[in-house]
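# Architecture at a glance
So the chains spell out like this:
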Amino acid sequence: MNAVEVKDLHFGYGKKSRNVLDGLDFSCEKGSVNVLLGLNGSGKTTLIKILAGLYENYTGEVFLFGRDLKTISVAERSKMTAYVAQRSAGADDFTVRNYLLFGKVNRTKFYSAPSAKDREDTLRYAERFGISGLLDKNLGQLSGGERQIVGVCCAAVQDTDLIVLDEPTSALDIRNQHVVLSLIKEIAVSEGKTFILSSHNPNHALYLGGEVHVIKDGRIAFQGAACETVTAEKMRSVYGEDVCISKDLPYNEISFGKFR
């Protein structure tokens, strides 16, 4: 049984607008790392929001761990899927410590406080993500990049089998991009979590070494292992003829090399 199975998915944002997703089929195995690639507006964020349960007015079938997404309650879904948006909204007055503890609400009984184990888990993940020094700061005091790392850390604290991330490295410097991507690889292997994340950087998919799903014209154009899918030829069919490769790394890094 796959972690996610999507069949003939159609979705549009209005009656007169074209479908963003138009017959999309998508699946991923348990414990795998999956990167969604595609141009702006291709439907990466839309697919992620559907998988997170934020959009319900789609047609087609979406299954999480064998269950129809539309039959899963919000409470149940919070134990199955963690979602991190591109930009976190609100919560500026909460400390990072308390924000991370919210990740445990899905398993906390009504009117109960977080347990000592919940607090220990939160501290452990904060150390793992290198944000222990931020725990007593308010979210409103953080930079965009720091806030993004806190969001990904909170998803890990939530302890779900599926974690969906919408451009989790978009606000990060190259060092922290490496930190977050390395932790995604590590957590997927050590804890058996399934990751689905969108990215504008094909090289992230190569680094993660998982599965790649390229969206074009509302459908999956091609997919497969990153080393076989992220090639100059295939990327040119999506991003244009200026795509080239660099062989300075163990993998053939994708870049743009023609300047007019």
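As the structure is a prediction and not an experimental result, all values here were calculated from the model.

Next up on the list: helix α4 (residues 116–128). For an α-helix, 3.6 residues make a turn, and residues three or four places apart therefore share a direction. With 13 residues, α4 extends 18 Å between its outermost C-alpha atoms, agreeing within 8% with the 18 Å of an ideal straight helix rising 1.5 Å per residue. All buried positions along α4 are accounted for by Asp118, Asp121, Thr122, Tyr125 and Ala126. Around the axis of α4, the buried residues are gathered within 135 degrees of arc, so they sit on the same side. Facing away from the buried surface of α4 by more than 90 degrees, the exposed residues are Ala116, Lys117, Glu120 and Glu127. Downstream of α4 by one or two residues, glycine 130 has phi in the positive range, about 70 degrees.

Taken in spatial order, the four strands of this open sheet run β2-β1-β4-β5, and their pairing is antiparallel. With one partner strand each, in any of the chains shown, β2 (21–28) and β5 (67–68) form the two edges of the open sheet.

To continue, consider the packing of aromatic side chains. Inspection of the entire model under this criterion finds four aromatic pairs. Relative to tyrosine 55, the ring of phenylalanine 11 lies with its centre 5.0 Å away and its plane at 10 degrees, an arrangement referred to as stacked. Pair noted here: phenylalanine 11 is in strand β1 (residues 4–11) and tyrosine 55 is in the loop between α1 (44–51) and β4 (59–64), with a separation of 44 residues, a long-range link. When sorted by exposure, phenylalanine 11 lands in the same class as tyrosine 55, which is buried. When the ring of phenylalanine 94 is compared with that of phenylalanine 102, the centres are 5.1 Å apart and the planes differ by 75 degrees; the resulting orientation is edge-to-face. Taking relative accessible area as the criterion, phenylalanine 102 reaches 41% and is therefore assigned partly exposed. Site record: aromatic cluster; members linked through ring pairs are Phe11, Tyr13 and Tyr55.

With respect to the helices and strands, the residue threonine 229 is situated in helix α8 (residues 226–229). Residue classification places threonine 229 among the buried positions, given a relative accessible area of 1%. A polar atom in the side chain of threonine 229 sits 3.3 Å from the backbone oxygen of glycine 224. Residues contacting threonine 229, with those up to four places away along its chain left out, are Val212, Val214, Phe222, Gln223, Gly224, Lys234 and Met235.

When pLDDT is averaged along the protein chain, the result is 90; 93% of the residues meet or exceed 70. When pLDDT is averaged over each helix and strand of the protein chain, the minimum, 64, is found for strand β12 (residues 253–256) and the maximum, 98, for strand β3 (residues 33–37).

Reading guide: rules and limits
- Residues numbered from 1 in each chain as written.
- Predicted model: local features only at pLDDT ≥ 70, side-chain atom pairs only at ≥ 80, totals over all residues.
- Heavy atoms only, no water.
- Helix = DSSP H or I, 4+ residues; strand = E, 2+ residues; numbered from the N terminus.
- Expected span 1.5 Å × (residues − 1).
- Buried < 20%, exposed > 50% of the residue type's maximum accessible area, 1.4 Å probe, protein only.
- Arc of directions from axis to C-beta.
- Pairing = 2+ DSSP bridges.
- Phe/Tyr/Trp six-rings, centres within 6.5 Å; stacked < 30°, edge-to-face > 60°.
- Polar contact = N/O pair within 3.5 Å; in protein donor to acceptor, adjacent residues only side chain to side chain.
- Contact = heavy atoms within 4.5 Å.
- pLDDT = per-residue confidence, 0-100.

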